[in-house]
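# Report on the structure
Listed here are the chains, written in short residue letters.
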Amino acid sequence: MLLLGGTGEAAALAARLAGDARIDVISSLAGRTRTPADIPGRVRTGGFGGTNGLAKYLAAEKIDLLIDATHPYAATMPHAAAEACAQAGVPRLRLLRPSWPQQQGDSWIAATGLATAAAQLPDVAKRVFLTTGQRDLDAFASLTDIWFLIRLIEPPDSIPLEHYQVILDRGPFHAESEIALLREHRIEAVVSKNSGGIATYGKIAAARGLGLPVIMIERPPQPEGQAVETIDACVSWLHAQLG
Ligand code: NAP
């Protein structure tokens, strides 16, 4: 089985399947982080070279099943996986954690993408907490009147912004410490993806607690096909596939 990863759920699923002699799991990472979390079992790293490259890989490794557990904001890989699996006749399941629902007291401003979020920011705040990830910072480069607090997992190669501070930290993050962080830096708004899960929800709860707006970037569209929300559901699907 090929397990497309880069998320906590993918690592947890690999750990869950590690002792199952019926399934030989290959976990796949894009290779974005220099020090990825430990993943039990066989791990490969780097892109496949698009849909055709992935289709060749499926054939070369005799892959029978694929679980796509990439991040909800991975915009390319799920579509390549859907096409390559359709071509190769390999059953595919998407593991997609549910979005955070908006709650009473939340002040969310919907943005269809990074560019829209950047265009909205000048009307909203001068001091902003940005947690979208290093590769997404370019979208905010023209906002030279705004000061950004940027949280990343690893030291960045470069930051394309004028006024900013970088903090390095790996979740989970809890609401209490997020409230303290937002207060310390006098943050007026948060820009976030709707990642779902508990590990990064603290900033959303913190913004609600402090009455701050959150510019919430919408998820990219997913390919058609069977999708589940939990690791348990993935395991049930696998057992059904194994018969
Ligand atoms: P993406 O736009 O869907 O992928 C870009 C390219 O990276 C793909 O075309 C593929 O290259 C390669 N790739 C992506 N996931 C891969 C995997 N699991 N194994 C092998 N190659 C992979 O995704 P992204 O937003 O750049 O994210 C890259 C990775 O970071 C994903 O694994 C994702 O789960 C993880 N991640 C993303 C976010 C986010 O906010 N986007 C957050 C946390 C973690 P080829 O075309 O050469 O095959």
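Each remark here, short or long, concerns the structure printed above.
To start, this report covers the structure provided alongside it. (Residues numbered from 1 in each chain as written. Predicted model: local features only at pLDDT ≥ 70, side-chain atom pairs only at ≥ 80, totals over all residues. Heavy atoms only, no water.)

Here we take up the state of the cysteines. Overall, the coordinates contain zero disulfides when judged by the stated rule. Here C85 is not cross-linked by a disulfide; its sulfur's nearest cysteine counterpart is in C234, at 14 Å. (Disulfide = S-S within 2.5 Å.)

Spanning twelve residues, helix α3 (residues 77-88) covers 16 Å between terminal C-alpha atoms, matching the ideal 16 Å at 1.5 Å per step. When we look at burial in α3, the residues that qualify are P78, A80, A81, A82, A84 and C85. Next to the buried residues of α3 lie β1 (2-4), α2 (50-60), β4 (66-68) and β5 (92-95). Where α3 ends, the next residue or the one after it, G89, has phi of about 70°, a positive value. (Helix = DSSP H or I, 4+ residues; strand = E, 2+ residues; numbered from the N terminus. Expected span 1.5 Å × (residues − 1). Buried < 20%, exposed > 50% of the residue type's maximum accessible area, 1.4 Å probe, protein only. Contact = heavy atoms within 4.5 Å.)

Residues in close proximity to the ligand total 22 residues, the closest being G5, S28, F48, M77 and K193. Within the backbone of Y73, an N or O atom sits 3.4 Å from a nitrogen atom of the ligand. Note that an oxygen atom of the ligand is positioned 2.6 Å from one of the side-chain N or O atoms of K193. Contact with the protein chains covers 78% of the free accessible surface of the ligand, which is 800 Å². Here the residues of the shell around the ligand are counted per class, giving eight nonpolar, ten polar and four charged. (Near = heavy atom within 4 Å. Polar contact = N/O pair within 3.5 Å; in protein donor to acceptor, adjacent residues only side chain to side chain. Areas by Shrake-Rupley, 256 points an atom, 1.4 Å probe, with all protein chains shown as cover. Nonpolar A, V, L, I, M, F, W, Y, C, P; charged D, E, K, R; others polar.)

Attention shifts here to the packing of helix α1 (residues 8-17) against helix α7 (residues 231-242). Relative to each other, α1 and α7 sit at 45°, their axes nearing to 10 Å. Between α1 and α7, the angle falls in the class oblique. In this structure, α1 meets α7 at a crossing whose hand is right-handed. Each of E9, A12, L13, R16 and L17 in α1 lies in contact with α7, whose residues at this interface are I231, D232, C234, V235 and L238. Of the residues belonging to the contact of α1 with α7, the class tally is seven nonpolar, no polar and three charged. (Axes fitted to C-alpha atoms, helices over the stretch in contact; angles between N-to-C directions. Parallel < 35°, antiparallel > 145°, perpendicular 65-115°, else oblique. Left-handed = near helix turned anticlockwise from the far one by under 90°.)

Structurally, the position occupied by L238 is in helix α7. Classification of L238 by relative accessible area gives buried; the value is 0%. Through-space distance from the C-alpha of L238 to that of T116 is 39 Å; in sequence the pair is 122 residues apart. Beyond its immediate sequence surroundings of up to four residues, L238 is in contact with M1, L17, I23, L65 and I67.

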